[in-house]
Each structure stands twice: as structure tokens, then as C-alpha cells.
Amino acid sequence: MERQRTSVLLEKETMLKLLAISRKTNKSKTFLISEVVTEYVNKNAPKKKIDIAGIADSKDPYFAGKDEEYLKDNGFGED
């Protein structure tokens, strides 16, 4: 996975606590910060919305039984 560099400014008190945790866990400050930021972003990032769901009248009473055939005929899943 490609990584990108960034910089953050922390309060002195926070940095001292981070250093203590780093020493105690034998993990680098970079690792700890990356771990926390990744966890936060994964938890709080907006969820992707599915915008293809809906209700429609196909005028075909047997459509539900032929849905796979319809998707195949219309190129669904061919990337």
C-alpha cells in the first residue's frame, strides 16, 4: 500500500504522553500516530451510498425469476 507523508503539531503534554507510550510498547511514534489516525478515519469516514436500489415496474410479472439473465444481457459485472 502506498503511503504519504504528513506533519502534525501536538501539544507538549500530548507529545510527552506519546513518547511514554512509545517507550512502553516499543512502537515508534510514527506507528502509533498512523494506527490511531487510520482507526479514526475508518470509523468516521462517510459510508458509500448505494444509489442503484429503487422500485420500478418492469411490466413483466416474471422479472424476478429472470433478474440474473437481465443483468448478464446488460453487461452487469463486466469491468
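Our subject is the structure that appears above.
## Observations regarding a nonpolar patch on the surface
Line of reasoning, step 1. A cluster of nonpolar residues, Val8, Leu10, Ile33, Val37, Tyr40 and Val41, forms a patch on the protein surface that exposes about 530 Å² of accessible area.
Line of reasoning, step 2. Mapped onto the fold, isoleucine 33 is located in helix α2 (residues 29-44).

## Things to note about the packing of helix α1 (residues 12-25) against α2
Line of reasoning, step 1. Packing of α1 against α2 brings their axes to within 9 Å, and their N-to-C directions diverge by 105°. Taken together, the axis directions place α1 and α2 in an arrangement best described as roughly perpendicular. In this structure, α1 contributes Met15, Leu18, Leu19, Ile21, Ser22 and Thr25 to the contact, and α2 contributes Lys29, Leu32 and Ile33.
Line of reasoning, step 2. Looking at side-chain class alone, the contact of α1 with α2 contains six nonpolar, two polar and one charged residues.

## Regarding α1
An α-helical turn contains 3.6 residues, so a residue and the one three or four places further along point in the same direction.
Line of reasoning, step 1. Under the 1.5 Å per step criterion, the end-to-end length of α1 is 20 Å for 14 residues, consistent within 8% with the ideal 20 Å.
Line of reasoning, step 2. Phi turns positive one or two residues past the end of α1, at asparagine 26, with a value near 60°.

Criteria and thresholds
- Residues numbered from 1 in each chain as written.
- Predicted model: local features only at pLDDT ≥ 70, side-chain atom pairs only at ≥ 80, totals over all residues.
- Heavy atoms only, no water.
- Patch = residues over 30% accessible without salt bridge, like charges linked within 9 Å, V, L, I, M, F, W, Y side chains within 5 Å.
- Areas by Shrake-Rupley, 256 points an atom, 1.4 Å probe, with all protein chains shown as cover.
- Salt bridge = Lys/Arg side-chain N within 4 Å of Asp/Glu carboxyl O.
- Helix = DSSP H or I, 4+ residues; strand = E, 2+ residues; numbered from the N terminus.
- Axes fitted to C-alpha atoms, helices over the stretch in contact; angles between N-to-C directions.
- Parallel < 35°, antiparallel > 145°, perpendicular 65-115°, else oblique.
- Contact = heavy atoms within 4.5 Å.
- Nonpolar A, V, L, I, M, F, W, Y, C, P; charged D, E, K, R; others polar.
- Expected span 1.5 Å × (residues − 1).

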